[in-house]
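# Fold and contact review
So the chains spell out like this:
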Amino acid sequence: MPSKTTKSGLKQVAHSTLNATICLPVSIVSALTFAAPTFAIDPPQKESTCQACHGAKGAAPIMESYPKLNGQNQAYLVQALNDYKNGKRSGPLAAIMSGQAAMLSEEEIKALAEYYAAQ
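Right, let's walk through the structure included here. This structure is a prediction, so every number in the text was calculated from the model and none was measured.

With that out of the way, let us pick up the pattern of salt bridges. Two side chains carrying opposite charge are able to pair once their charged atoms lie near each other. Within the structure shown, the criterion is met by one salt bridge. Here Lys46 and Glu108 are joined by a salt bridge, their closest N and O atoms 3.9 Å apart. One end of the pair, Lys46, is in the loop between α1 (15-34) and α2 (47-54); the other, Glu108, is in helix α5 (residues 106-117), and 62 residues separate them in sequence. Residue Lys46 is classed as partly exposed on the basis of its relative accessible area of 27%. According to the relative accessible area criterion, Glu108 is partly exposed, its value standing at 23%.

Below you can see the structure in the form of structure tokens.
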């Protein structure tokens, strides 16, 4: 390991060696801590109905005004579907979504929310 002595008599370790010693473990820990989950969840049975407008895995809506569902917060999706189901949402797409959500059970809503949040 190359080093040199400073005027004060202290030894300086080569910068690249020190960087590799400190930064590599920090990089590995950071990557493990902040990496997106890579587990797969099978699509729920009712997902094909959602796919007709929101696209495969909720990632490619057929119209710009339709939201992407992939990666959405699970609790938000549960709340939104329940609000549509119970007529608490309004807006241009509420009539379509209220009809779709009305056909979903609580278990199906939770399964869809879990699936889309994991995409």
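So much for the structure itself; the text now carries on.
Here we take up the packing of helix α3 (residues 74-85) against helix α4 (residues 94-102). One way to put it is that α3 packs onto α4 with a least axis distance of 7 Å and a crossing angle of 95 degrees. In this view, α3 runs roughly perpendicular relative to α4, as classed from their interaxial angle. Residues Leu81, Tyr84 and Lys85 of α3 form the contact with α4, whose participating residues are Ala94, Met97, Ser98, Ala101 and Ala102. When its residues are assigned to classes, the contact of α3 with α4 shows six nonpolar, one polar and one charged.

Cut-offs and rules
Residues numbered from 1 in each chain as written. Predicted model: local features only at pLDDT ≥ 70, side-chain atom pairs only at ≥ 80, totals over all residues. Heavy atoms only, no water. Salt bridge = Lys/Arg side-chain N within 4 Å of Asp/Glu carboxyl O. Helix = DSSP H or I, 4+ residues; strand = E, 2+ residues; numbered from the N terminus. Buried < 20%, exposed > 50% of the residue type's maximum accessible area, 1.4 Å probe, protein only. Axes fitted to C-alpha atoms, helices over the stretch in contact; angles between N-to-C directions. Parallel < 35°, antiparallel > 145°, perpendicular 65-115°, else oblique. Contact = heavy atoms within 4.5 Å. Nonpolar A, V, L, I, M, F, W, Y, C, P; charged D, E, K, R; others polar.

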